Number of protein chains: 6
Amino acid sequence: MKNFSHIDDDSNQPRMVDVSDKAVTRRTAIATAIISLGKQVMLGLKQGELHTKKGPVFQTAIIAGTMAVKKTAELIPFCHPLPTEAIKITIDTNDAFEAVVTCEVTVTGKTGVEMEALTGASVAALTIYDMCKAVSQEMVIRETKLIKKTGGKSDYTAG
Amino acid sequence: MKNFSHIDDDSNQPRMVDVSDKAVTRRTAIATAIISLGKQVMLGLKQGELHTKKGPVFQTAIIAGTMAVKKTAELIPFCHPLPTEAIKITIDTNDAFEAVVTCEVTVTGKTGVEMEALTGASVAALTIYDMCKAVSQEMVIRETKLIKKTGGKSDYTAG
Amino acid sequence: MKNFSHIDDDSNQPRMVDVSDKAVTRRTAIATAIISLGKQVMLGLKQGELHTKKGPVFQTAIIAGTMAVKKTAELIPFCHPLPTEAIKITIDTNDAFEAVVTCEVTVTGKTGVEMEALTGASVAALTIYDMCKAVSQEMVIRETKLIKKTGGKSDYTAG
Amino acid sequence: MKNFSHIDDDSNQPRMVDVSDKAVTRRTAIATAIISLGKQVMLGLKQGELHTKKGPVFQTAIIAGTMAVKKTAELIPFCHPLPTEAIKITIDTNDAFEAVVTCEVTVTGKTGVEMEALTGASVAALTIYDMCKAVSQEMVIRETKLIKKTGGKSDYTAG
Amino acid sequence: MKNFSHIDDDSNQPRMVDVSDKAVTRRTAIATAIISLGKQVMLGLKQGELHTKKGPVFQTAIIAGTMAVKKTAELIPFCHPLPTEAIKITIDTNDAFEAVVTCEVTVTGKTGVEMEALTGASVAALTIYDMCKAVSQEMVIRETKLIKKTGGKSDYTAG
Amino acid sequence: MKNFSHIDDDSNQPRMVDVSDKAVTRRTAIATAIISLGKQVMLGLKQGELHTKKGPVFQTAIIAGTMAVKKTAELIPFCHPLPTEAIKITIDTNDAFEAVVTCEVTVTGKTGVEMEALTGASVAALTIYDMCKAVSQEMVIRETKLIKKTGGKSDYTAG
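Residues numbered from 1 in each chain as written. Chains lettered and ligands numbered in written order. Predicted model: local features only at pLDDT ≥ 70, side-chain atom pairs only at ≥ 80, totals over all residues. Heavy atoms only, no water.

Going by what an unreviewed UniProt entry lists, chain A is known as cyclic pyranopterin monophosphate synthase and is assigned to Mucilaginibacter straminoryzae. The Pathway (unreviewed entry) comment attached to chain A in UniProt states, word for word, "Cofactor biosynthesis; molybdopterin biosynthesis." (UniProt positions renumbered as here; feature names shortened; annotations may be inferred.)

A. Summary view of the overall build of chain A. Helices and strands together make up the secondary structure of chain A, namely 4 helices and 5 strands. Beginning at the N terminus, the succession of helices and strands in chain A can be written as β-α-α-α-β-β-α-β-β. Its C-alpha atoms put chain A at 55 × 30 × 30 Å along the principal axes. Scored against the burial criterion, the 159 residues of chain A give a buried share of 63%. Contacts in chain A between residues far apart in sequence, at least 24 positions, make up 68% of those at least 6 positions apart. Looking at chain A as shown, the accessible area adds up to about 5600 Å², and 49% of this sits on carbon and sulfur atoms. (Helix = DSSP H or I, 4+ residues; strand = E, 2+ residues; numbered from the N terminus. Buried < 20%, exposed > 50% of the residue type's maximum accessible area, 1.4 Å probe, protein only. Contact = heavy atoms within 4.5 Å. Areas by Shrake-Rupley, 256 points an atom, 1.4 Å probe, with all protein chains shown as cover.)

B. Spatial organisation of the interface of chain C and chain E. Facing 22 residues of chain C, the contacting portion of chain E comprises 19 residues. Of the roughly 1600 Å² buried between chain C and chain E, counting both surfaces, carbon and sulfur atoms make up 54%. Among the residues chain C hides against chain E, the three largest losses belong to Gln13, Met16 and Pro81 of chain C. Together they make up 30% of the total. For the pair chain C and chain E, the interface holds 3 salt bridges. Lys110 of chain C is paired through a salt bridge with Glu85 of chain E; the nearest N and O atoms lie 3.0 Å apart. Where chain C meets chain E, there are 11 residue pairs in polar contact (both at pLDDT 80 or more). Class assignment for the residues of the side of chain C that touches chain E results in 11 nonpolar, 5 polar and 6 charged. (Buried area = accessible area lost by both parts, 1.4 Å probe. Salt bridge = Lys/Arg side-chain N within 4 Å of Asp/Glu carboxyl O. Polar contact = N/O pair within 3.5 Å; in protein donor to acceptor, adjacent residues only side chain to side chain. Nonpolar A, V, L, I, M, F, W, Y, C, P; charged D, E, K, R; others polar.)

C. Just the packing of helix 2 (residues 56-69) of chain C against helix 4 (residues 114-132) of chain C, in detail. All names here are of chain C. For the pair helix 2 and helix 4, the least separation of the axes is 7 Å and the interaxial angle reads 145°. Taken as a pair, helix 2 and helix 4 cross one another with a handedness that is right-handed. Taken together, the residues of helix 4 that come into contact with helix 2 (itself represented by Pro56, Val57, Phe58, Thr60, Ala61, Ala64, Gly65, Ala68 and Val69) are Glu116, Thr119, Gly120, Val123, Ala124, Thr127, Ile128, Met131 and Cys132. Across the contact of helix 2 with helix 4, the residue classes break down as 12 nonpolar, 5 polar and 1 charged. (Axes fitted to C-alpha atoms, helices over the stretch in contact; angles between N-to-C directions. Left-handed = near helix turned anticlockwise from the far one by under 90°.)

D. View of the interface of chain B and chain A. Of the residues lining the interface, 52 residues belong to chain B; the matching set on chain A comes to 52 residues. Interface area lost by chain B to chain A is led by Phe4, Leu126 and Gln137 of chain B, which between them contribute 13%. Viewed at the interface, chain A and chain B are joined by 2 salt bridges. For Glu74 of chain B, the salt bridge is made with Lys71 of chain A, and the minimal N-O distance between the two is 2.7 Å. Scanning the region where chain B abuts chain A turns up 11 residue pairs in polar contact (both at pLDDT 80 or more). For the side of chain B that touches chain A, the elements supplying multiple residues, two or more each, are helix 1 (39-52), helix 2 (56-69), helix 3 (72-75), helix 4 (114-132) and strand 4 (140-150) of chain B. A class-by-class count of the residues in the side of chain B that touches chain A yields 29 nonpolar, 12 polar and 11 charged.

E. Expanded view of the relation of the copies chain B and chain A. Superposing chain B onto chain A requires a rotation of 180° together with a translation of 0.0 Å along the rotation axis, leaving an RMSD of 0.0 Å. The superposition of one copy onto the other is thereby described by a two-fold rotation axis. Within chain B, the C-alpha atom positioned nearest to the axis of rotation is that of Arg142 of chain B, 2.5 Å from it. Interface overlap between copies is the fraction of interface residues in one copy that are interface residues in the other; for chain B against chain A it reaches 100%, indicating a shared surface. (Least-squares fit on C-alpha atoms with pLDDT ≥ 70 in both.)

F. Up close: the nonpolar core. If you look at the biggest cluster of nonpolar residues, it comprises 315 residues, and the most contacted ones within it are Ile128 of chain A, Ile128 of chain B, Ile128 of chain C, Ile128 of chain D, Ile128 of chain E together with Ile128 of chain F. In this structure Ile128 of chain E touches Ile35, Leu37, Val57, Phe58, Ala61, Ile91, Ala99 and Val101 of chain E, once residues within four positions along its chain are discounted. (Core = buried A, V, L, I, M, F, W, Y, C linked by side-chain atoms within 4.5 Å.)

G. Structural detail: the relation of the copies chain C and chain E. Mapping chain C onto chain E leaves a residual RMSD of 0.0 Å; the transformation is a rotation of 120° accompanied by 0.0 Å of translation along its axis. The operation mapping one copy onto its partner corresponds to a three-fold rotation axis. Taking the C-alpha atom as reference, chain C places Pro83 of chain C closest to the rotation axis, 4.5 Å from it.

H. The arrangement of helix 2 (residues 56-69) of chain A in detail. For helix 2 of chain A, built from 14 residues, the straight-helix expectation of 20 Å at 1.5 Å per residue is met to within 8% by its first-to-last C-alpha distance of 20 Å. A large share of helix 2 of chain A lies buried, amounting to 14 of its 14 residues. (Expected span 1.5 Å × (residues − 1).)

I. Local environment of unusual backbone geometry. In the Ramachandran plot, Phe97 of chain A falls in the positive-phi region, its phi being about 60° despite a non-glycine side chain. Looking at Phe97 of chain A, the relative accessible area reads 32%, which means it is partly exposed.

J. Seen up close, the pattern of salt bridges. In this structure the tally under the stated criterion is 60 salt bridges over all chains. The network of salt bridges with common partners includes Lys71 and Glu74 of chain A, Lys71 and Glu74 of chain B, Lys71 and Glu74 of chain C, Lys71 and Glu74 of chain D, Lys71 and Glu74 of chain E together with Lys71 and Glu74 of chain F.

K. Just the packing of helix 4 of chain C against helix 5 (residues 114-132) of chain D, in detail. Contact geometry of helix 4 of chain C with helix 5 of chain D gives a least axis separation of 11 Å together with a crossing angle of 165°. As judged from the angle between their axes, helix 4 of chain C and helix 5 of chain D are roughly antiparallel. Crossing geometry of helix 4 of chain C relative to helix 5 of chain D is assigned as right-handed. For the pair formed by helix 4 of chain C and helix 5 of chain D, the contact residues are Met115, Leu118, Thr119, Ser122, Leu126, Tyr129 and Asp130 of chain C on the first element and Met115, Leu118, Thr119, Ser122, Leu126, Tyr129 and Asp130 of chain D on the second. Across the contact of helix 4 of chain C with helix 5 of chain D, the residue classes tally to 8 nonpolar, 4 polar and 2 charged. (Parallel < 35°, antiparallel > 145°, perpendicular 65-115°, else oblique.)

L. Examining the side chain of Gln137 of chain B more closely. Along the chain, the position of Gln137 of chain B falls in the loop between helix 4 and strand 4. In contact with Gln137 of chain B, other than residues within four places in its own chain, are Glu114, Leu146, Lys149 and Tyr156 of chain A together with Tyr129 of chain B.

M. Quick peek at the pairing of strand 4 (residues 140-150) of chain D. Here strand 4 (residues 140-150) of chain C pairs with strand 4 of chain D via 2 bridges, running antiparallel. Considered in strand 4 of chain D, the bridge of Thr144 of chain C is made with Ile141 of chain D. Summarising the sheet, strand 1 (residues 25-36) of chain D and strand 4 of chain D pair through 9 bridges and their orientation is antiparallel. Across the sheet, Ala33 of chain D pairs through a bridge with Thr144 of chain D, a residue of strand 4 of chain D. Two strands pair when backbone bridges link them, and strand 4 of chain D and strand 5 (residues 156-157) of chain D are joined in this way by 2 bridges, in the antiparallel orientation. Residue pairing across strands places Lys148 of chain D opposite Thr157 of chain D, the latter belonging to strand 5 of chain D. Here strand 4 of chain D folds back onto strand 5 of chain D in antiparallel fashion, the turn holding 5 residues, of which Gly151 of chain D has a positive phi close to 100°. (Pairing = 2+ DSSP bridges.)

Structure follows, in structure tokens:
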């Protein structure tokens, strides 16, 4: 069985994995977070935000998520700091009154960026929550997951 | 219909809500994030972590979540900075191979702490993901939501 | 002559001014930063941004400025950390191809928020620069100053 | 006409520009910020600070500006994080009662450092303002601009 | 025997102590850090720094320590964020080739500031190390401790 | 005699050393911080923490120290930001009622990581202090120093 790489076998203490001997490659990761807004919030957004397609709620979420990607190593204790080279966050809506945040991150480095993509998607979703919570607090971030990663030892695509 | 309080009616631009005239009260919020670990990760955790009940994965997540609560106003653009007075994060597991993070935050201030509780729960769940991802990347943070808040204009309890 | 309050008379070393005995009052400050964009950038903005009045450049600047207000005590060595209660940033344009950023900050505390207002206006202007610099690097932030402050020992209004 | 590179053509949403395919080169940028102190502040500084040439006001500003350079990607939403290799800030005064901050930044990377230089100069000027504001609040940061950059697709020197 | 207040008795997990019911009082703490510089570093400092009494090494350390005080709750996982009202750092030298950093912090709040004073003294000492390490790496920060605290349930003075 | 590399010879002002022309090599540094806990604290730890060898105090300190390593360039004014590749912190106890924190840092870069190792060890020790201070405030961090560094112009091992 695979090991928990963040835990030192000898001491059972957590530590940052040593990546100094790994190859520098171009790595990407895509994650999504789906936030269930409910009918009332979605209606409000459609009247303003979605009509113009560049209203403040989603744009604020995109900016917050992008900035959070750059803070990942500050938030997740054993994440490696990485010089992010591209971040693209998009937000779509669907008929189930949901907003779907997609966050794609690219780096040329020694370790992957799945935590960066997941963190960016999560904080964008939390920002949508914050900006709509005066309308309703019934919102649920109902699915945050990794969709795809490339460039490491093995690629990954969600089944 | 309620307004989107973070958006200025005149300019349609986002802004921080003015809370300077609100009353200083004791406010609490509780949020949860449920992460579906899958059988393989749960088995690994049970062999180490859950046996001793203080193993490194959950404890690291508690610490990361606590520190993230204190960073909420740095992550969410229009959140007010608040002098947090208590943060308690607990993590339980269930038979569906899930870990349930609960984050409770208390402050004496002019505005609520639901974003702090949601951010703490989210970052704790992301940290569990990070520490277990060498075992599996199928994990999904499948539900992040507000459970309860007290001390503001109106209390809230999830239905 | 007034003293440089941040410099200790005895040691000639800088230090944070002791405000522990000052009264808690409601304090506001307004600062502006004017950025000269030039004709080419302004034309580009008018074709997209200014037509819709909520395009991404100015909105990104508003968000960045708001977040920078909350970071003031982290940037300016002897500034006191303050629980900001309201931040409002607006951006207007004029016929001289300039954008005028106005940043208003409110706090209930023991010391004023002029540095917060100046920092918010500055970082909003820097963000406009960043987002338009692919079009031209001739832009100049040509005036950053305090417009008004209230609530301290003496109010101030720019002459 | 050149594009606003930070804005995605398809979605009209802001994003971080993808620099993953750009060449790693040695890049430098020099920016200045001129702060008009006024006669009274300059007189005070000359009696202490300028006499010794290493008094606390300018030195504090140099340190604050240097630390701000390292925070640029945290302040400007779509700036790339970069491993700064050299930062040099100097402050001179002139007969018009002004202090002229010059900030030079060097990096070996895939994108330029003009925002780093501009941010360092701005925060150094704001710090001078903070440390002298007990004497006068009439100060104006009256010109912040890029002087020179090298190492990118095209060099730039202010006309 | 007294409890470890940061550890929850039931779960044996760490948490932030709940201070929401504590009284708001004026609290101070003083800590010191003594750094043994050695003869060679001290000689170099005396030729520049100590002659003028405001040279760059000690002043940079004072500024770094002051800024670190404001970051204490970001560094120490279970520290409460506090609105610091005064920070004073001084640095003296003695005949044993040592520099003695003293850091005094004041706050009006619900919990003490000993960690803030200790963190400020530690980071000031680390900054002295950084700025002198080109001369020698034999330096040792040989004593960091709390000297005095007032304003809490019980005052403390080092024996 | 060696120079103080952080101080510019011409201006006597501090600055970040220019490392842009230095070679990229694999660099490591090891530092320790020894905290004298006293009998009472050690007894308390032995009853819980040391019995299980993974109790919350030391683990919290390891996490805080690891996160502080990543913040070194934010804390020490003229430190270069570096993409840390490995961080390992261990904590042992001895018969003199002391805890010995050892922090080892690895990077592939143009400058050494001794400040990162020293900062990580210091903040881990401060965190132990914070978590045990309800039991006693007599603790002293009595020795923080560099043990070894490799990969730069000259290696170093404490005598």
